[in-house]
Amino acid sequence: MGSNGTYAAYIQLPAGLVAPKPKNISFEQAAALPTAGITALQVFDRAAINPQDHIFLTGASGGVGLFALKLLLANGIKNIVATAGSMGSIEKLRQLGLQKDSVINYRNENLTEIIKLKSNQQGIDVAIDAVGQHLSEVAAAVLKPYGTYIDITHFTTAAARDQLFSSAAQIINISNFIHAQRLNYPYFKKGLDRIRHTIEQEIIQPAPIYLIGNLSPKQSKKGI
């Protein structure tokens, strides 16, 4: 727990951490779910997100961002502006149900102005930042006063922190490490069981996966 020590054929771990995989997906699909899924669930457990809220989601095509987006849509939250970095990623997000003009390439020079227009210049209620750096500054700039900034990366810039302080934003830091430090097995097991429920009940679909072959240095580089 709290390590990356799973590059092995076998691993020993406490039984309290183990949960059954969803019955309707493969082992490979299940392996891609836990980290992103538990992190995305924490967003909903700790932030009060309402259906009428305007949401800004960075890194929406990444692991955590994609799971969070699916949870938003499954809970009837439609006022979402999301960023992605390629036409393939943008198209994938549109296929999930986002409006064409609600998915924006983060390289767009007018990104901040476009997002403000999407909220009718009223500002974003909740910014879910799964990228950080420059996009943390964009998220801080479009957030309304007293809005909620959810930090998944710990990569906010000094300029973003200054803006968030000036707007009296509520800042929620998302990290599973604190639960690992405390050996809080139920937190992880309950999260895995909730993920299994959403998949088996087809509330959300698992993320697409790409098999790169057996584990080896060559194949690892290929995956990267």
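Here the structure is a predicted model, which is why all the values come from computation and not from measurement. (Residues numbered from 1 in each chain as written. Predicted model: local features only at pLDDT ≥ 70, side-chain atom pairs only at ≥ 80, totals over all residues. Heavy atoms only, no water.)

Caption draft 1: A look at a nonpolar patch on the surface. Together, Ile-11, Leu-13 and Val-18 give the surface a local cluster of nonpolar side chains, amounting to about 260 Å² of exposed area. Its location among the elements puts Val-18 in the segment before helix H1 (27-31). (Patch = residues over 30% accessible without salt bridge, like charges linked within 9 Å, V, L, I, M, F, W, Y side chains within 5 Å. Areas by Shrake-Rupley, 256 points an atom, 1.4 Å probe, with all protein chains shown as cover. Salt bridge = Lys/Arg side-chain N within 4 Å of Asp/Glu carboxyl O. Helix = DSSP H or I, 4+ residues; strand = E, 2+ residues; numbered from the N terminus.)

Caption draft 2: Inspection of the packing of aromatic side chains at higher detail. Applying the stated rule across the entire model yields one aromatic pair. A cation over an aromatic ring shows up here: Lys-21 above the ring of Phe-27, its NZ or CZ 5.0 Å from the ring centre. (Phe/Tyr/Trp six-rings, centres within 6.5 Å; stacked < 30°, edge-to-face > 60°. Lys NZ or Arg CZ within 6 Å of the ring centre and 35° of its normal.)

Caption draft 3: Focus on the pattern of salt bridges. This model, assessed by the stated rule, comprises five salt bridges. Here Lys-118 and Asp-101 are joined by a salt bridge, their closest N and O atoms 3.4 Å apart. With a gap of 17 residues between them, Lys-118 in helix H5 (residues 111-118) and Asp-101 in the loop between helix H4 (87-95) and strand E3 (103-105) connect regions that are remote in the sequence. Residue class for Asp-101 comes out partly exposed when judged on its relative accessible area of 48%. Each of Asp-193, Arg-196 and Glu-200 takes part in a single network of salt bridges with overlapping partners. (Buried < 20%, exposed > 50% of the residue type's maximum accessible area, 1.4 Å probe, protein only.)

Caption draft 4: Representation of the nonpolar core. By size, the foremost hydrophobic cluster in this structure holds 26 residues, and its most contacted members are Ile-49, Ile-55, Ile-80, Leu-93, Leu-98, Ile-128 and Ile-150. Sort the elements by how many residues they give to this core and helix H3 (residues 63-74) lands first, with five residues. For Ile-80, the contacting residues outside a window of four places in its chain are Ile-55, Leu-69, Leu-72, Leu-73, Leu-98 and Ser-102. (Core = buried A, V, L, I, M, F, W, Y, C linked by side-chain atoms within 4.5 Å. Contact = heavy atoms within 4.5 Å.)

Caption draft 5: The sheet that holds strand E5 (residues 143-151), seen in detail. If you trace the six strands from one edge of the open sheet to the other, you get E3-E2-E1-E4-E5-E6, paired in parallel fashion. Among the strands making up the open sheet, the edge pair consists of E3 and strand E6 (170-173). Adjacent strand axes in the sheet meet at a mean angle of 20° when their direction is disregarded. One ladder, built from five bridges, connects strand E4 (residues 124-129) with E5; its direction is parallel. Bridged to Ile-128 within E5 is Ile-150. The strands touched by helix H6 (residues 134-142) within the sheet are strand E1 (55-58), strand E2 (80-84), E4 and E5, with E5 carrying the most contacts at an inclination of about 150°. (Pairing = 2+ DSSP bridges. Axes fitted to C-alpha atoms, helices over the stretch in contact; angles between N-to-C directions.)

Caption draft 6: Focus on the layout of surface pockets. Here the second largest pocket defines a volume of roughly 160 Å³. Lining of the second largest pocket is provided by His-54, Ile-55, Leu-73, Lys-78, Asn-79, Ile-80, Val-81, Gly-97, Leu-98, Gln-99, Ser-102 and Lys-118. Among the residues forming the lining of the second largest pocket, the class breakdown is five nonpolar, five polar and two charged. (1 Å grid on protein atoms, 1.4 Å probe; cavity = no way out; pocket = protein on both sides within 12 Å on 5 of 7 lines; lining within 4 Å. Points joined across faces, edges and corners; volume = space filled by probe spheres on them. Nonpolar A, V, L, I, M, F, W, Y, C, P; charged D, E, K, R; others polar.)

Caption draft 7: Broad picture of the UniProt feature "domain: Alcohol dehydrogenase-like C-terminal" (unreviewed entry) in the chain. Mapped onto this structure's residue numbering, the UniProt feature "domain: Alcohol dehydrogenase-like C-terminal" (unreviewed entry) falls at residues 63-150. Here residues 63-150 is 43% helix and 25% strand, with 16 Å between the C-alpha atoms at its ends. (UniProt positions renumbered as here; feature names shortened; annotations may be inferred.)

Caption draft 8: Inspection of the side chain of Asn-176 at higher detail. Here Asn-176 lies in the loop between E6 and helix H8 (177-181). A relative accessible area of 17% means that Asn-176 is categorised as buried. Not counting residues within four places of it along the chain, the set of residues in contact with Asn-176 comprises Thr-35, Ile-38, Thr-39, Gln-42, Tyr-187 and Phe-188.

Caption draft 9: Summary view of H5. Every buried residue belonging to H5 is among Leu-111, Thr-112 and Ile-115, and all of these are buried. Seen end-on, H5 carries its buried residues on one side only, within an arc spanning 95°. Packed against the buried residues of H5 are E1, E2, E3, E4 and H6. (Arc of directions from axis to C-beta.)

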